[in-house]
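# Coordinate inspection notes
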Amino acid sequence: MRTIHVAVLLISTARPVAAYPHYPLATGAPRCTSCHYAPAGGGLLNASGRYAAAEEIARGWPWDAAAVADDDARPMHGAIALSSWADLGADARLALFTKSASDAPREWHLIPMQADLHGRVAAGGLSLAATGGVRPSSRPKGQPPSSHLVSREHYAMWNFREGTYLRAGRFMPPYGLRLVDHTSYVRRYLGFDLLGESYSASVGKVVDRFELHATGFLANPYVARERDERGGAAYAELRLGNTAWGGSFRLGDADDRRRVSGGLTGKVFIAPADVIVLGEANLVRQTIGPDQRDQFVSYLSVVWRPVRGVYAAAAHEVFDEDLAVRDVERYALGGWLAYVPRAWLEILAVGRTQWIGPSERASVAMLMLHYAP
Amino acid sequence: MAGMRLVRRLGLIVLAAGCGDADPADRPARFSYIQAAILEPSCATSGCHSELSRTAHLVLEGDADDVLDELVAEGFVYPGVPAASPLLHFLRAEFGAERMPPDAPLPAGDIELIERWIDEGAAP
């Protein structure tokens, strides 16, 4: 097999930057940095993470169930020999999904949801990381082609002492559960939607027992509500036995607007049943000129791993856009089933229904292939 | 139906402490509020009517006065005449218009506020 020595590879891209907070079901890892370079999880896996993906998360093909394919634990299936100071990864997602809303006709779409490359170089405690690629769209009409090339993340990070870091660049400020699904209410309505990464500077400490993150952000070039927002966010989590409890805070100011949110998160791992319960609840106070409104956003899910490599979940969400006003709430109920046959392959089936206000309803179902060598 | 009732009950339990009863149409009927509170979160997402994507050549983010001028100039809003304003036709999927937002409709209360705003002259 021909091998290629690569120092760094960077292509502008779009990637939903978030971790899989339920994977500790399989790995038992207490913190995201057990498997990821990024202090809040997501992005490239480190060597431990690649091994965990191959050895603990994936099911393995039946004919080699007794052995771990060595290549699964290497970047790009081991086809690329990287220098010790470089790492490389990719994410590609292809999805067939269908959606309907109230009395609108059902739509079907087959789209490549993601096509990203991740690169990282490191020397000692200093590292540079970037993610870039293509931003697909199911509704490309009128969109300039250049808008499909984006770099969601690019930052410099310095790790010093045990678990302490400084990071600056473009990334999502750590907050809440950091779910993968960007359509979840706790991401979409709290400032962490798709392409919600801001130019930020962050400091934190991540160890087995706890983690702390404090971030100041300036602007987001892609998303309107966050474009001109300046502010800060903080997240703290304490791990006690098989549970983790956290608190989040975010303040964003833009011209005559202000948005302040605070929330609590909880994760409970029920080991005998191979179940993890994840929950997040937030209150938001938004000021728009002379007016003010309070909002509530929550997420609650139960994830079950019946056998190695298979994950099933159900989730309930609430978003009330104005607590003082009736009939503007949204509720969602969803479920998903994931099969991870190899470390670099995930097959995901998702269904979600929303109830909006007193009479509207919307639903989506999706089958997705996720390839991440 | 039983499932929907259960979902609503779970949500209402969560919201019980702070559930309000004000009429959704009684919120400020001015565009600077409607844009920030309704249009930007639901419509000006990165993949739709944002500066980045400009889907269907329509941008709903940015300076409120500029966006309002564009909505009126492009014929989406006829101040004082909500029945003739295509913006409402899209939000309600009326007269063959594709429902917007396409992934999930706005709550009826949000649409009623927009209708009242147009009816009262579409004030900035």
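Quick look at the structure, then. Nothing here was measured: the structure is a model prediction, and the numbers come from that model. (Residues numbered from 1 in each chain as written. Chains lettered and ligands numbered in written order. Predicted model: local features only at pLDDT ≥ 70, side-chain atom pairs only at ≥ 80, totals over all residues. Heavy atoms only, no water.)

## Brief notes about the overall build of chain A
- Helix and strand content of chain A: four helices and 16 strands.
- Residue burial in chain A is summarised as follows: out of 373 residues, 55% are buried.
- Long-range contacts, defined as pairs at least 24 residues apart, comprise 55% of the intrachain contacts of chain A with a sequence gap of at least 6.
- When the accessible surface of chain A is split by element, carbon and sulfur atoms take 64% of a total near 15,300 Å². (Helix = DSSP H or I, 4+ residues; strand = E, 2+ residues; numbered from the N terminus. Buried < 20%, exposed > 50% of the residue type's maximum accessible area, 1.4 Å probe, protein only. Contact = heavy atoms within 4.5 Å. Areas by Shrake-Rupley, 256 points an atom, 1.4 Å probe, with all protein chains shown as cover.)

## Points about helix α3 (residues 64-73) of chain B
All names here are of chain B.
- The complete set of buried residues in α3 reads A64, V67, L68 and L71. Projected onto a plane normal to the axis of α3, the buried residues spread over an arc of 100 degrees and lie on a single side. Across from the buried face of α3, at angles greater than 90 degrees, the exposed residues are D66, D69 and A73.
- Here the buried face of α3 lies against α2 (31-42) and α5 (108-119).
- In this structure D63 caps α3, since a side-chain oxygen of it lies 3.1 Å from the backbone nitrogen of D65.
- Looking one or two places after α3, you find G75, whose phi comes out positive at around 80 degrees. (Arc of directions from axis to C-beta. Polar contact = N/O pair within 3.5 Å; in protein donor to acceptor, adjacent residues only side chain to side chain.)

## Observations concerning the nonpolar core
- The biggest cluster of nonpolar side chains holds 28 residues, and the ones touching the most others in it are F31, I114 and W117 of chain B.
- Only α2, α3, α4 (86-92) and α5 of chain B provide two or more residues apiece to this core.
- Top contributing element to this core by residue count: α2 of chain B, with seven residues.
- Those residues within four positions of W117 of chain B in sequence are excluded, and the remaining contacts are A29, R30, F31, I34, L68, V77, L87, A122 and A123 of chain B.
- Formed by 19 residues, the second largest nonpolar core is a distinct cluster that contains L179, L190, F192 and Y299 of chain A. (Core = buried A, V, L, I, M, F, W, Y, C linked by side-chain atoms within 4.5 Å.)

## Some thoughts on helix α2 (residues 47-57) of chain A
- All of the buried residues along α2 of chain A are G49, R50, A52, A53, A54 and I57 of chain A.
- Its side-chain oxygen placed 3.2 Å from the backbone nitrogen of S48 of chain A, N46 of chain A serves as the N-cap of α2 of chain A.

## Observations regarding the packing of α2 of chain B against α5 of chain B
Residues and elements named next belong to chain B.
- Orientation of α2 relative to α5, taken along the N-to-C sense of each, is 160 degrees, at an axis distance of 11 Å. Viewed along their axes, α2 and α5 adopt a mutual orientation that is roughly antiparallel. The hand of the α2/α5 crossing is left-handed. Between α2 and α5, the contacting residues are F31, Y33, I34, I38 and L39 on the first element and D110, L113, I114 and W117 on the second.
- Residues of the contact of α2 with α5, tallied by class, amount to eight nonpolar, no polar and one charged. (Axes fitted to C-alpha atoms, helices over the stretch in contact; angles between N-to-C directions. Parallel < 35°, antiparallel > 145°, perpendicular 65-115°, else oblique. Left-handed = near helix turned anticlockwise from the far one by under 90°. Nonpolar A, V, L, I, M, F, W, Y, C, P; charged D, E, K, R; others polar.)

## A few points about the pattern of salt bridges
- Enumeration according to the criterion identifies 26 salt bridges over all chains in this entry.
- The salt bridge involving E229 of chain A is made with R250 of chain A; its shortest N-O contact spans 2.8 Å. You can see E229 of chain A sitting in the loop between α4 (224-227) and β8 (230-240) and its partner R250 of chain A sitting in strand β9 (residues 243-254), a full 21 residues away along the chain.
- Among the residues examined, E229 of chain A registers a relative accessible area of 5% and is labelled buried.
- Given the relative accessible area of 3%, R250 of chain A is considered buried.
- Salt-bridge contacts for R326 of chain A lead to D23 of chain B; the nearest nitrogen and oxygen are separated by 3.5 Å. With R326 of chain A in the loop between β13 (310-320) and β14 (329-342) and D23 of chain B in the loop between α1 (2-15) and α2, this residue pair bridges two chains.
- Exposure remark for R326 of chain A: the relative accessible area of 33% places this residue in the partly exposed category.
- Look at D23 of chain B and you get partly exposed, because its relative accessible area is 28%.
- Linked through salt bridges whose partners overlap, the residues forming this network are R178, E211, E237, R239 and K267 of chain A. (Salt bridge = Lys/Arg side-chain N within 4 Å of Asp/Glu carboxyl O.)

## Details of the pairing of strand β16 (residues 360-371) of chain A
All names here are of chain A.
- Examined bridge by bridge, strand β1 (residues 86-101) and β16 share ten bridges and lie antiparallel to one another. Looking at the pairing, T98 lines up with A365 of β16.
- In this sheet, β16 lies alongside strand β15 (residues 345-356) in antiparallel orientation, the contact comprising twelve bridges. From the neighbouring strand, V350 faces β16, where its bridge partner is M366.
- Hairpin connection between β15 and β16: a loop of three residues separates the two successive antiparallel strands, and G357 in this loop has a positive phi of roughly 65 degrees. (Pairing = 2+ DSSP bridges.)

Keep in mind these numbers describe shape, not what the thing actually does.
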